[in-house]
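Here's the letter readout for the chains.
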Amino acid sequence: MKQYRILPMAVIGIIVLAIDQLTKYLVATRMELGESIPVLGEFFKITSHRNSGAAWGMFEGRMLFFYIITVLVLILLIYFYKTEAKNNFLMQLGITLLMAGAVGNFIDRLLFQEVVDFADVLLIAYDFPIFNVADSALTIGVIIMLIEVFITGRGKEEK
Ligand SMILES: CCC[C@@H]1OC(=O)[C@@H](C)C[C@H](C)CCCCC(=O)CCC[C@@H](CC)/C=C\C=C(/COC)CC[C@@H](O)[C@@H](O)C[C@H](O)CNC1=O
């Protein structure tokens, strides 16, 4: 248990997934497509948006490709968790966030063949693509894994 912290990580993953699905559900049922609600003036708005592709709309509509990639990513993450994340909290957290994010967008793709996006952030000048909680979990998971490998652990086990 201590070595793999399965229960705490499962709780974190399920909470992230629940928040992702709840926010998408509320945006999809309570807002018109394209409708925008300013939260922090121009800097952060909730804009109801759909994306049938990956980041920046890449591979638009390629659902079979997304199903295959997502299943492969999930299998890889489970394998990596078992082999590399033993006694490594940061890596366990990173993998958990990546899995929660991947599953969150996978559910949308299976049910609707597109992903609900709503976080509309005006990053400096460039208008960043609209994203969702699952994307945030994926991106934070990627960042944590990079920190773990290149800064703290180099993949080593905790002392
Ligand atoms: C975040 C991964 C994208 C996510 O991948 C997923 O689902 C995974 C599980 C399955 C993909 C088929 C595999 C990744 C493809 C590679 C890729 O995409 C390069 C990623 C760069 C990324 C660093 C990690 C930067 C940032 C992105 C964005 C900002 O995120 C905060 C923009 C998000 C908006 O374009 C939004 O419309 C996207 C929409 O929600 C669907 N989301 C996906 O496809």
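Small disclaimer: the values here were computed from a predicted structure and weren't measured. Residue numbering note: each chain is counted from 1, following its sequence as written. pLDDT decides what is reported in this predicted model: residues at 70 or higher carry local features, side-chain atom pairs at 80 or more are listed and counted, and totals for whole chains, interfaces and linings draw on all residues regardless. Hydrogen atoms and water are omitted, and side-chain values are computed over all heavy atoms in the structure.

## A closer look at the environment of N87
Secondary structure elements follow DSSP: runs of H or I no shorter than four residues count as helices, runs of E no shorter than two count as strands, and numbering proceeds from the N terminus. Structurally, the position occupied by N87 is in the loop between α2 (63–84) and α3 (89–112). On a C-alpha basis, the gap between N87 and R5 in space is 8.3 Å, while along the polypeptide they are 82 residues apart.

## As for the site of the ligand
The nearness test applies per residue and asks whether one of its heavy atoms lies within 4 Å of the molecule or strand. The ligand sits among 20 residues. The nearest are N51, W56, R109, D117 and D135. Contacts to the ligand include A55, whose backbone N or O atom sits 3.3 Å from an oxygen atom. We get accessible surface area from the Shrake-Rupley algorithm with a probe of 1.4 Å; when it comes to residues, only the shown protein chains can shield them. For the ligand, the accessible surface in isolation is 820 Å², of which the surrounding protein chains cover 81%. The method works on a 1 Å grid over the protein atoms by themselves. A cavity is a set of points holding a 1.4 Å probe that cannot get out, a pocket is an open set with protein on both sides within 12 Å along at least five of seven lines, and residues with an atom within 4 Å of a point line them. To qualify as sitting in a cavity or pocket, a molecule needs more than half of its atoms within 2 Å of the grid points. In a pocket analysis with a 2 Å cut-off to the grid points, the ligand is assigned to the largest pocket. Going through the elements one at a time, α3, β3 (115–121) and α4 (133–152) are the ones with two or more residues in the shell around the ligand. Gly is put with the polar residues, along with every residue not named as nonpolar or charged; the nonpolar set is Ala, Val, Leu, Ile, Met, Phe, Trp, Tyr, Cys and Pro, and the charged set is Asp, Glu, Lys and Arg. Grouping the amino acids of the shell around the ligand by side-chain chemistry returns 12 nonpolar, 5 polar and 3 charged. Here a polar contact means two N or O atoms within 3.5 Å. Within protein one must be a hydrogen donor candidate and the other an acceptor candidate, and residues neighboring in sequence count only if both atoms are side-chain atoms.

## Some details on the UniProt feature "transmembrane region" (unreviewed entry) in the chain
UniProt positions are given in the numbering used here, feature names are shortened, and annotations may be inferred rather than shown by experiment. Per the UniProt record, "transmembrane region" (unreviewed entry) is found at residues 7–27, 64–81, 88–107 and 130–151. Here residues 64–81 runs as 100% helix and 0% strand, with 26 Å between its end C-alpha atoms. This span, residues 130–151, is 86% helix and 0% strand, and a straight line between its end C-alpha atoms measures 30 Å.

## Regarding the environment of L26
For L26, the position within the fold is in helix α1 (residues 6–30). Remark: the alpha-carbon pair of L26 and F43, spanning 17 residues in sequence, is separated by 21 Å.

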